[in-house]
Amino acid sequence: MLLVGKILLGAAGSVVAMGAMISSEGFVNVKVRETKPDGVHLHIIAPVILMNIGLHFVPQRNLKNAAEQVKPWLPVIDATVKGLKDSENVQLVEVTGPDHHVKVATDGGYMVVDVTDPGDEVHVALPLSEIDRAAHEIAAAGPTL
Amino acid sequence: MKKFMQVGAVVCLLGSAAFGAPTEKYLHVRVTNTSDKEVVSVNVPLSLAEKVVPAINHGKLSQGKVTIDEGEMKDVDVRAILEAVKNSPDGEYVTIQGKDQDVRVAKSKGNLVVHVTDKSKAKEKGGSKVDVIIPMSVVNALMPSDKHEIDLVAAIHALSNSGEKLMVTVHDSDDDVKVWVDAESGSNEPSAKE
C-alpha cells in the first residue's frame, strides 16, 4: 500500500512538474470566429513550448527563404522585443474603418493582435519573448553567413 | 535610533526613485482618410524608439544616424544655419507668398515653426496645408557637429526631454495627418498646442 502511495505521489509530482515546465514559457492564444451563421469557431490555447518543438520539425529547406529575410533584422527584433518588454502596455497600432478594426498592442508581456472585419473575428496573443525566440530559431535554419 | 535612520534612508531612496523616474513619452501618428473613412493610429514609446533605431542598419541609416551625401547638401552648412537660428530672437525668418504656395518659417517660444500652404490644387481639391512645430532642442540634436549626418537617436532623446508638443499636421482633401508627443499611451486626440 505504501509503495502504491509512493508511485502515485511520484506520478502526481511528475505531472505537476511537467505542467509547470509546459506553462513556464506562457501560452499562445488563438481565437477565430467566422461571423456567418454556420461559421467556424476556433479557440486554441497552446503552451509556447509546443510551438518551439513544432518549429524543430519544420524541414529546414522550407525555412531557408524566411531565414534569409529574418537574419539581417535580428538585432532590430531583439531591440524591439526588449524595448516592448521594458515598456508599459501600449496600443501600438489601431486601424479603424467603416467595417473593419485592427488592433496591435502589448499586454502583460504578450503581443496581442485583434482583427475584426465583416466575415471574421481573429484574436492572437503571443508572449513577446517567443517572437524573439522564433525569429532566432527561423534565422538559424538559414545558411550561415 | 539606528533603525529609524535606516528606515528614513530607505524612504528617501524610494522617494527619489519615484520622483526621479522620467515619465514615458509616446510618439503618436494619426492618419485620417476622409474618403475611405479610415483612421490609422500608431503609438510608439520614445524609449522603445531610442533602443530600436540604433539597431537598424539599412541603407543610409546606421547606428541611429542617417548619412547625407555631400552632393545633397550642396555646400549648405545646415549646422551653421541652425546655430544662427538658435541664437536669434523669436520672429519670422521666411515668408513667401507665391501663386502656388505660401511658406512661413519662424522661431517661436523655443520652437521652429514651419507653415506651408499648397494652393495649386486649391480650386479642384481644397489644397493642402502643412504645419510643423519642432522644439529647437530637437532640431539641434538632429544635426550633430558632423554636418553630413542626422542623429535620429539624439533627436528622439531630445524629444523625450522636451515638453508635450503637437509637431506635425498635414491636411488635404483626402487625408489628415497628425504627429505629436505626449505622456499618454493611447491615441487620444492631442489638445491644441502652440
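Residues numbered from 1 in each chain as written. Chains lettered and ligands numbered in written order. Predicted model: local features only at pLDDT ≥ 70, side-chain atom pairs only at ≥ 80, totals over all residues.

Visitor: How would you explain the overall build of chain B if you had to name every residue and give the values?
Guide: Scanning chain B from N- to C-terminus turns up seven helices and 11 strands. Relative to its full complement of 194 residues, chain B shows a buried share of 18%. Taking contacts inside chain B between residues at least 6 apart in sequence as the whole, the part at least 24 apart equals 50%. (Helix = DSSP H or I, 4+ residues; strand = E, 2+ residues; numbered from the N terminus. Buried ≥ 20, exposed ≤ 12 C-beta atoms within 10 Å, placed from the backbone. Contact = placed C-beta atoms within 7 Å.)

Visitor: Provide a residue-level description of the overall build of chain A, including the pertinent values.
Guide: In terms of helices and strands, chain A carries five helices and six strands. Reading chain A from its N terminus to its C terminus gives the helix and strand order α-β-β-α-α-α-β-β-β-β-α. Out of the 145 residues in chain A, the part that is buried amounts to 10%. For chain A, the proportion of contacts with a sequence separation of at least 24, taken over those separated by at least 6, is 50%.

Visitor: Go over the interface of chain A and chain B, please, and point to the residues and values.
Guide: Each partner contributes to the interface: chain A provides 19 residues, whereas chain B provides 19 residues. For the side of chain A that touches chain B, the secondary-structure elements that each account for two or more residues are helix 4 (74-86) and strand 3 (91-96) of chain A. Broken down by element, the residue count for the side of chain A that touches chain B peaks at eight residues, all from helix 4 of chain A. In terms of residue class, the side of chain A that touches chain B is made up of nine nonpolar, six polar and four charged. (Nonpolar A, V, L, I, M, F, W, Y, C, P; charged D, E, K, R; others polar.)

Visitor: Give me the lowdown on the nonpolar core, citing residues and values where you can.
Guide: If you look at the biggest cluster of nonpolar residues, it comprises 22 residues, and the most contacted ones within it are Leu142(B) and Ala155(B). Where this core is concerned, the elements lending two or more residues are helix 4 of chain A together with helix 2 (46-52), helix 6 (136-142), helix 7 (152-161) and strand 11 (175-182) of chain B. Tallying contributions element by element places helix 7 of chain B first for this core, with four residues. Leaving out residues up to four positions away in the same chain, Ala155(B) has contacts with Val138(B), Ala141(B) and Leu142(B). (Core = buried A, V, L, I, M, F, W, Y, C linked by C-beta atoms within 7 Å.)

Visitor: Please set out the packing of helix 2 (residues 48-57) of chain A against helix 5 (residues 128-140) of chain A residue by residue, giving values where relevant.
Guide: Residues and elements named next belong to chain A. The geometry of helix 2 relative to helix 5 is characterised by a closest axis approach of 11 Å and an angle of 10 degrees between their N-to-C directions. By the criterion of interaxial angle, the relationship of helix 2 to helix 5 is roughly parallel. Contacts between helix 2 and helix 5 involve Val48, Met51, Asn52 and Leu55 from the first element and Glu130, Arg133, Ala134 and Glu137 from the second. Its residues assigned to classes, the contact of helix 2 with helix 5 shows four nonpolar, one polar and three charged. (Axes fitted to C-alpha atoms, helices over the stretch in contact; angles between N-to-C directions. Parallel < 35°, antiparallel > 145°, perpendicular 65-115°, else oblique.)

Visitor: Please give an account of unusual backbone geometry that cites residues and values.
Guide: All names here are of chain B. Of note in the backbone geometry, Lys37 takes a positive phi value of approximately 55 degrees without being a glycine. Residue position: Lys37 is located in the loop between strand 1 (26-33) and strand 2 (38-45). Notably, Lys109 is not glycine yet its phi reads approximately 50 degrees, a positive angle. Tracing the backbone shows Lys109 in the loop between strand 6 (101-108) and strand 7 (111-118).

Visitor: Explain helix 7 of chain B to me, and be specific about the residues and the numbers.
Guide: Residue and element names in this part refer to chain B. Along helix 7, the residues that are buried comprise Leu152, Ala155, Ile156, Leu159 and Ser160. Projected onto a plane normal to the axis of helix 7, the buried residues spread over an arc of 135 degrees and lie on a single side. For helix 7, the elements touching its buried residues are helix 2, strand 4 (65-67), helix 6, strand 9 (149-151) and strand 11. (Arc of directions from axis to C-beta.)

Visitor: Tell me about helix 4 of chain A, and name the residues and values.
Guide: For the α-helix, the turn length of 3.6 residues means that residues three or four positions removed from each other point alike. Residue and element names in this part refer to chain A. Taking 1.5 Å of rise per residue, 13 residues should cover 18 Å, and helix 4 covers 18 Å from first to last C-alpha, within 8% of that figure. If you check which residues of helix 4 are buried, you get Thr80, Val81 and Leu84. All buried residues of helix 4 project into a common sector of 95 degrees when viewed along the axis, lining one side. (Expected span 1.5 Å × (residues − 1).)

Visitor: Residues and numbers for the environment of Glu94(A), please.
Guide: Along the polypeptide, Glu94(A) turns up in strand 3. A sequence separation of 11 residues divides Glu94(A) from Ala105(A), and the C-alpha atoms of the two residues are 8.5 Å apart. Residues within four places of Glu94(A) in sequence aside, it is in contact with Val102(A), Lys103(A), Ser41(B) and Ser187(B).

Visitor: Could you give an account of the sheet that holds strand 3 (residues 61-62) of chain B, with specific residues and numbers?
Guide: Residue and element names in this part refer to chain B. Read across the sheet, three strands follow the order 3-4-9 without closing on themselves; strand pairing throughout is antiparallel. Looking along the sheet, the strands with just one partner apiece sit at the ends: strand 3 and strand 9. Strand direction decides the pairing type here: strand 3 and strand 4, joined by two bridges, are antiparallel. Bridge pairing in strand 4 places Leu61 opposite Val66. Strands strand 4 and strand 9 of the sheet are contacted by helix 7, whose axis makes an angle of about 35 degrees with strand 9. (Pairing = 2+ DSSP bridges.)

Visitor: Any chance you could break down the pairing of strand 2 of chain B for me, citing the residues and the numbers?
Guide: Here strand 3 of chain A runs beside strand 2 of chain B; their pairing, made up of four bridges, is antiparallel. Bridging from a neighbouring strand, Thr96(A) pairs with Val39(B) of strand 2 of chain B. Where strand 1 of chain B meets strand 2 of chain B, eight bridges bridge the pair, whose relative direction is antiparallel. Along strand 2 of chain B, the bridge assignment pairs Asn33(B) with Glu38(B).

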